[in-house]
Amino acid sequence: MASGVDFEIVLLRTLREDAGLSALVGNKVFPLFIPSGNYLPCVTFQRLGGRPANTLAGASGLEEIDLQIDVWARDYDEAKAVAKAMRAAMPPSGDVFGAHLIEDQDLYEDGTNYFRVSMEFKVWFLETE
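Read on for an overview of the structure. (Residues numbered from 1 in each chain as written. Predicted model: local features only at pLDDT ≥ 70, side-chain atom pairs only at ≥ 80, totals over all residues. Heavy atoms only, no water.)

### Structural notes on the packing of aromatic side chains
Enumeration according to the criterion identifies six aromatic pairs in this entry. Their ring planes at 80 degrees and their centres at 5.2 Å tell us that Phe30 and Tyr39 sit as a pair that is edge-to-face. Among the residues examined, Tyr39 registers a relative accessible area of 28% and is labelled partly exposed. Relative to Phe115, the ring of Tyr76 has its centre 6.5 Å away and its plane inclined at 70 degrees; by these criteria the two rings are edge-to-face. Taken together, the residues span a long stretch of sequence, with Tyr76 in helix α3 (residues 76-89) and Phe115 in strand β5 (residues 114-126) at a distance of 39 residues. Given a relative accessible area of 22%, Phe115 falls into the partly exposed group. Among the aromatic residues, those joined into a ring-pair cluster are Phe7, Phe97 and Phe125. (Phe/Tyr/Trp six-rings, centres within 6.5 Å; stacked < 30°, edge-to-face > 60°. Buried < 20%, exposed > 50% of the residue type's maximum accessible area, 1.4 Å probe, protein only. Helix = DSSP H or I, 4+ residues; strand = E, 2+ residues; numbered from the N terminus.)

See below:
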């Protein structure tokens with residue numbers, strides 16, 4: 001049975017296969033951090049937490065996941081364009097998961113001179129066999 005720990009595999013596949021996002025970042029979608037090298041623009045994601053959605057009858061098969069997704073770019077306009085594509089790539093409802101944006105913020109990283117849009121999503125993931 002697939003569990004919440006399998007969500008990252010599903011998310012990675014979903015984002016890398018999205019035509020709009022891929023047109024801007026290619027397959028540069030990474031868990032946790034940007035690898036060494038020239039990877040901008042790109043997307044990183046990390047799971048902030050997760051919990052099974054249980055009922056009085058037992059496990060529901062759903063997991064509620066708190067997810068942070070960051071888009072990184074060399075300039076503000078590029079970061080905003082990737083963020084827009086990123087938001088469009090996250091399905092509000094679907095067969096395996098649905099995601100809803102909770103909040104986002106624009107950031108500038110002084111040490112690297114990177115522009116970043118950080119987004120927090122609430123995700124419902126259906127654990128399947």
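### A short note on the environment of Leu48
In this structure, Leu48 sits in strand β2 (residues 42-55). Ignoring anything within four residues of it in the chain, the contact list for Leu48 reads Asp66, Leu67, Gln68 and Glu120. (Contact = heavy atoms within 4.5 Å.)

### A short note on the sheet that holds strand β3 (residues 58-73)
Ordered in space as β1-β2-β3-β5-β4, the five strands form an open sheet in which the pairing is mixed. The open sheet is flanked by β1 (29-31) and β4 (97-109), the only strands paired with a single partner. Taking each pair of neighbouring strands and ignoring which way they run, the sheet shows an average axis angle of 25 degrees. The pairing of β3 with β5 spans twelve bridges and is classified as antiparallel. Bridge pairing in β5 places Val71 opposite Val117. Along the sheet face, α3 touches β2, β3, β4 and β5 and points at about 10 degrees away from the line of β5. (Pairing = 2+ DSSP bridges. Axes fitted to C-alpha atoms, helices over the stretch in contact; angles between N-to-C directions.)

### What to know about the nonpolar core
Counting 28 residues, the largest nonpolar core has Leu21, Val43, Leu67, Ile69, Met86, Met90 and Phe97 as its most contacted members. Listed by contribution, the elements that provide at least two residues to this core are α1 (7-17), α2 (19-25), β2, β3, α3, β4 and β5. In terms of residue count, α3 provides more of this core than any other element does, six residues in total. Contacts of Leu67, omitting those with residues within four sequence positions, involve Phe7, Leu11, Phe45, Gln46, Arg47, Leu48, Met90, Met119, Glu120, Phe121 and Val123. (Core = buried A, V, L, I, M, F, W, Y, C linked by side-chain atoms within 4.5 Å.)

### Quick word on the pattern of salt bridges
Tallied over the entire structure, the rule returns nine salt bridges. Here Glu63 makes a salt bridge to Arg47, at a shortest N to O gap of 2.7 Å. Taken together, the positions of Glu63 in strand β3 and Arg47 in strand β2 put the pair 16 residues apart, joining distant regions of the chain. Given a relative accessible area of 27%, Arg47 falls into the partly exposed group. Between Arg87 and Asp104 there is a salt bridge whose closest N-O contact spans 3.5 Å. Of the two residues, Arg87 is situated in helix α3 and Asp104 in strand β4; the sequence distance between them amounts to 17 residues. It is possible to trace a salt-bridge network through shared partners that takes in Arg51, Glu64, Asp66 and Lys122. (Salt bridge = Lys/Arg side-chain N within 4 Å of Asp/Glu carboxyl O.)

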